[in-house]
Every structure is written in C-alpha cells, then in structure tokens.
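Summary of the model geometry
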Amino acid sequence: MASRTLISRATRIKTKLETALQAAVLEIEDVSYQHAGHAAMRGIEGGANETHFNVRIVSSKFEGQNLVKRHRMVYDLLSDELQSGLHALSITAKTPKEAGVGVGTEKE
C-alpha cells in the first residue's frame, strides 16, 4: 500500500496560487500562532494551526484588475481551503510594475 503524505496548507496555497496566477513573487507567512488564544480558535483541534496567513503575490494576471477583483481571484482559488479550516487571509496583490519587479528579476 502506498504511503500517504500530508501536505501542509501553506504548501497547498503556494501551489494553487503559483499555478493559476503564474506568480513572479509569492510569499506565504503562517501567522496562526498569533491567534491561538482567540475565542474562535479554541474549539479547533490542535489550536490555531494553519488558520491565518499573510500572502504577498505579484502577478501579471492582476493587470487591469482593481484591488477587489485581485482579492476575489485569490479567494476563489482558495475556496476549498476556506471551507476546510482556513480562517483568515491578509492579501497584498500587485502587478509586476506596481511591485517594481522587472524582467530578469528572479522569483523570490
């Protein structure tokens, strides 16, 4: 029987966003530990593990999209995560021009 490896929520988020948005820059920070004592997190098994993230993404797919549409794109891509325990996202979504990322700048 094949072994089954559990993939962290952060890894799943990274994979989904990189694949769909072809991110030039993608930073994902798990800040769940900052919310472990909050009332809403007390009933969650294991505390507030992988429930709160800061996401910084730079993608040319955001060109011509306002901030609300950019955030909606990210939320739509992560809808299954939001339905399975992801509680909060802080999103910074920019185009390469807005972020000062030029051609030849390597991916972070």
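Summary of the structure given here. (Residues numbered from 1 in each chain as written. Predicted model: local features only at pLDDT ≥ 70, side-chain atom pairs only at ≥ 80, totals over all residues. Heavy atoms only, no water.)

Side chains that differ in sign of charge can pair as their charged atoms come close. On inspection of all chains with the given rule, the structure shows seven salt bridges. Put simply, Glu81 and Arg9 hold a salt bridge, and the shortest N to O gap is 2.6 Å. Of the two residues, Glu81 is situated in helix α4 (residues 79-82) and Arg9 in helix α1 (residues 9-21); the sequence distance between them amounts to 72 residues. Put simply, Lys16 and Asp80 hold a salt bridge, and the shortest N to O gap is 2.8 Å. In this pair, Lys16 sits in helix α1 while Asp80 sits in helix α4, placing the two residues 64 residues apart along the sequence. By relative accessible area, which is 21% here, Lys16 ends up partly exposed. (Salt bridge = Lys/Arg side-chain N within 4 Å of Asp/Glu carboxyl O. Helix = DSSP H or I, 4+ residues; strand = E, 2+ residues; numbered from the N terminus. Buried < 20%, exposed > 50% of the residue type's maximum accessible area, 1.4 Å probe, protein only.)

Bringing the sheet that holds strand β1 (residues 25-30) into the picture now. Strands sit in the order β1-β2-β3 across an open sheet of three strands; the sheet is mixed. The open sheet has two free edges, formed respectively by β1 and β3 (88-94), since each of these has just one partner strand. Between one strand axis and the next, the sheet turns by 10° as a mean value, whatever way the strands run. As paired strands, strand β2 (residues 52-58) and β3 are joined by seven bridges and run parallel to one another. Within β3, the position partnered with Arg56 by the bridge is Thr92. (Pairing = 2+ DSSP bridges. Axes fitted to C-alpha atoms, helices over the stretch in contact; angles between N-to-C directions.)

Right, let's talk about the packing of α1 against helix α3 (residues 67-77) for a bit. One can describe the packing of α1 onto α3 by two numbers: an axis separation of 10 Å at closest approach and a directional angle of 125°. Between α1 and α3, the angle is such that the two are oblique. For the crossing formed where α1 meets α3, the hand is right-handed. Side by side, α1 and α3 meet where Lys16, Leu17, Ala20 and Leu21 of the first sit next to Met73, Val74 and Leu77 of the second. (Parallel < 35°, antiparallel > 145°, perpendicular 65-115°, else oblique. Left-handed = near helix turned anticlockwise from the far one by under 90°. Contact = heavy atoms within 4.5 Å.)

This paragraph deals with the nonpolar core. In this structure, Leu17, Val55, Ile57, Val74 and Leu89 are the most contacted members of the largest nonpolar core, which totals 15 residues. Listed by contribution, the elements that provide at least two residues to this core are α1, β2 and β3. Sequence-distant contacts of Leu89, defined by excluding residues within four places in its chain, comprise Phe53, Val55, Val74, Tyr75 and Leu78. (Core = buried A, V, L, I, M, F, W, Y, C linked by side-chain atoms within 4.5 Å.)

What follows deals with the environment of Glu81. Owing to a relative accessible area of 3%, Glu81 belongs among the buried residues under this scheme. Between the C-alpha atoms of Glu81 and Arg12, which are 69 residues apart in sequence, the distance is 8.7 Å. Excluding residues that lie within four positions of it along the chain, Glu81 makes contacts with Arg9, Arg12, Ile13, Lys16 and Leu86. Reaching out from Glu81, the side chain makes a polar contact with the side chain of Arg9 at a distance of 2.6 Å. (Polar contact = N/O pair within 3.5 Å; in protein donor to acceptor, adjacent residues only side chain to side chain.)

Right, let's talk about α1 for a bit. With 13 residues, α1 should cover 18 Å at 1.5 Å per step; its first-to-last C-alpha distance of 18 Å lies within 8% of that length. All of the buried residues along α1 are Arg9, Ile13, Leu17 and Leu21. The arc that holds the buried residues of α1, viewed along the axis, is 60°, so those residues lie on one side. Of the residues trailing α1, Gln22 is marked for its positive phi of about 45°. (Expected span 1.5 Å × (residues − 1). Arc of directions from axis to C-beta.)

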